[in-house]
Amino acid sequence: QGAGDFWARLGVPERIPFEGPASRNPLAFRFYDADREVCVPEHGCRTMRDWLRFSVAYWHTMRGDGSDMFGSPTKNWPWEGDGDTLPQAERRLEVFFGVLQRLGVDYWCFHDRDIAPEGKTLSETNQNLDHIVRVAKRLQKAAGAKVLWGTAQLFKHPRYMHGAATSPDARVFAFAAAQVKKAMEATHALGGENFVFWGGREGYMSLINTDLGRELSHLATFMRMALDHKRRIGFTGTLLLEPKPQEPTKHQYDWDAATTALTLHRAGLTEGDFQINVECNHATLSGHSCEHELRMSSVMGLLGNVDINTGDPQTGWDTDQFLMDHLEAARLMKVVLEQGGLGSGGLNFDAKLRRESTSPLDILYAHIGGMDTMARGLLIAAEILNDGKLNDLVADRYRTFDRGLGALIEKEAVGFKDLEAYALRNPDPATTLDSGRQEMFEIIFNHFV
């Protein structure tokens, strides 16, 4: 029997049903009701499907084998068998699109080297990718799915051991450019809406053997070349940079959202050309919350996509777990709703099963749990915004900037000399400052949970 029949043979329904909050069925949604309308001030009403724009990550779902730095693979998926061959790659795609159909997810994401095997030469590798793109185009049409984003895997091959765009060897820079060129063309051919750059090895292990300025310059050159090729092929999708502070390098140049924005600024690239893809586990590795990284990207006009996952608070590495905390989800979705959604981006489950989760059904359980969590967060965030009290209280903290002196400061209609004159003739405000009332704000937030 074909791989496409796999989920049916397991007895999984053709579409995971919505059964409501009272359901105790792990193969049903409790909160994600795809066509339910959710309305918020200023940005109107959309369905859950359109606010959340869920995507399944091909690499973790189909290529995650449970191995880690301490142990061998633990997952013996029944659809595997022929190694990394074209027939095997086709089988994986058939099983994968069965996952999307059953979850009712509209989007998927991929790395070039995860969907198609690498050949002995670049030419053979490109031919393999072309073949798999043709297969994927047929399967995604049948499944009613689209590519949220594609990317080039510029970190696994030994040639990238010193970096790709930041390698000290110009030959590696050329190979990386050739790979991104082909991956972007594959994304374009599949109707992709974005293209991501994650520079896992764009950084250093030691400064003693690194020309930092030259590497940053080469990285900027690479990004400008990518933008030029995007325009040349007529790809209208958004280019996204994904920050991560470290791992596998000691220091990655796109450390966090603020650093990434500076990288774009130094390269002469604007938010019209590039945006940021925030991965939540990367945010915590950089010492920030995911909410911080979303908010920072959003206020800079750069938030384009979220790789929705989480790390373990007791573990200091990139564990890529499915987010199951609806309070965290509510804080994240509040940012997304306040900026009017993610445009051409979405919520991509860049998350993997635990090493000990070895049943194919675990793939569905994980995504159902993640989708329900984000849907519940969406509902909570919308209720907070529709109530308005929390945001009104935040605005009230800054009321002195709405008139008089504060309004002049915001308009830059006064300077230091004017402000010194004000300070000399008015009493010190230290004893009359308002309380921040953080605990009260937290109570109000919890009213909606």
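Residues numbered from 1 in each chain as written. Predicted model: local features only at pLDDT ≥ 70, side-chain atom pairs only at ≥ 80, totals over all residues. Heavy atoms only, no water.

Chemist: Which residues make up the overall build of the protein, and what are the values?
Modeler: Each helix and strand in the protein was counted, giving 17 helices and 12 strands. Judged by the C-alpha coordinates and their principal axes, the protein covers about 85 × 60 × 45 Å. Residue pairs at least 24 apart in sequence account for 75% of intrachain contacts in the protein once pairs closer than 6 positions are excluded. For the protein, the exposed surface amounts to about 21400 Å²; the carbon and sulfur share of it is 52%. With 49 positive and 61 negative side-chain charges, the protein shows a spacing of 4 Å between the two charge centroids. (Helix = DSSP H or I, 4+ residues; strand = E, 2+ residues; numbered from the N terminus. Contact = heavy atoms within 4.5 Å. Areas by Shrake-Rupley, 256 points an atom, 1.4 Å probe, with all protein chains shown as cover. Lys, Arg positive; Asp, Glu negative; His and termini not counted. Charge placed at Lys NZ, Arg CZ, Asp CG, Glu CD.)

Chemist: With reference to specific residues and values, describe the pattern of salt bridges.
Modeler: One pass over the structure, following the stated rule, counts 21 salt bridges. K244 is the partner of E247 in a salt bridge, and the nearest nitrogen-oxygen pair spans 3.2 Å. By relative accessible area, K244 is classed as buried at 3%. Here the residues in one salt-bridge network are R63, E80, D84 and R92, joined through shared partners. (Salt bridge = Lys/Arg side-chain N within 4 Å of Asp/Glu carboxyl O. Buried < 20%, exposed > 50% of the residue type's maximum accessible area, 1.4 Å probe, protein only.)

Chemist: Give me the pairing of strand β4 (residues 107-111): which residues, what numbers.
Modeler: Counting buried positions along β4 gives five out of five residues, so the element sits mostly inside the fold. A two-sided burial pattern is seen for β4, the buried positions comprising Y107, C109 and H111 on one face and W108 and F110 on the other. Relative to β4, strand β3 (residues 54-57) runs parallel, the two sharing three bridges. Within β4, the residue paired with A57 across the bridge is C109. Note that β4 and strand β5 (residues 146-151) share five bridges and pair parallel. Paired with H111 across the strands is T151, a residue of β5. (Pairing = 2+ DSSP bridges.)

Chemist: I'd like a description of the environment of T187, backed by residues and values.
Modeler: On the secondary structure map, T187 appears in helix α7 (residues 170-189). For T187, a relative accessible area of 0% puts it in the buried group. Along the sequence, T187 and P243 sit 56 residues apart, while their C-alpha atoms lie 21 Å from each other. Residues within four places of T187 in sequence aside, it is in contact with F110, V147, G150, T151, G192, N194, F195 and F235.

Chemist: So what about the sheet that holds strand β11 (residues 303-307)? Which residues, and what values?
Modeler: The strand order around the closed barrel formed by eight strands is β3-β4-β5-β6-β8-β10-β11-β12, and the pairing between neighbours is parallel. Neighbour-to-neighbour, the strand axes of the sheet open up by a mean angle of 30°, direction not taken into account. One ladder, built from three bridges, connects strand β8 (residues 238-241) with strand β10 (residues 274-279); its direction is parallel. Residue pairing for β10: L241 is matched across the bridge by I276. Packed onto the sheet, helix α11 (residues 290-299) meets β10 and β11 and runs at close to 170° relative to β10. (Axes fitted to C-alpha atoms, helices over the stretch in contact; angles between N-to-C directions.)

Chemist: I'd like to hear about the state of the cysteines, residue by residue, with values.
Modeler: One covalent bond between the sulfur atoms of two cysteine residues makes up a disulfide. Tallied over the entire structure, the rule returns two disulfides. The partner cysteine of C280 in its disulfide is C290, sulfur to sulfur 2.2 Å. The S-S bond linking C280 to C290 shows a torsion near -50°; that makes this disulfide left-handed. Separated by 10 residues along the polypeptide, C280 in helix α10 (residues 280-285) and C290 in helix α11 bring together distant segments of the chain. Cysteine pairing in the protein follows 1-2, 3-4, where each cysteine in a disulfide is numbered by its order in the sequence. C109 takes part in no disulfide bond, and the closest cysteine sulfur to it belongs to C280, at a distance of 14 Å. (Disulfide = S-S within 2.5 Å.)

Chemist: Let's hear about the side chain of D114: which residues, and what values?
Modeler: Mapped onto the elements of the fold, D114 is located in helix α5 (residues 112-115). Buried charge D114 goes without a salt bridge, the closest partner of opposite sign being R63 at 4.6 Å. With sequence-adjacent residues up to four places away left out, D114 is seen in contact with Y58, W59, R63 and Q153.

Chemist: So what's going on with helix α13 (residues 361-387)? Which residues, and what values?
Modeler: Given 3.6 residues to a turn, an α-helix orients residues that are three or four positions apart in the same direction. If you check α13, its first and last C-alpha atoms are 39 Å apart, about what 27 residues at 1.5 Å a residue would give, namely 39 Å. The buried count for α13 comes to 21 of 27 residues, which makes it a mostly enclosed element. Looking one or two places after α13, you find G388, whose phi comes out positive at around 85°. (Expected span 1.5 Å × (residues − 1).)

Take it as geometry only, folks, not as evidence of what the structure does.
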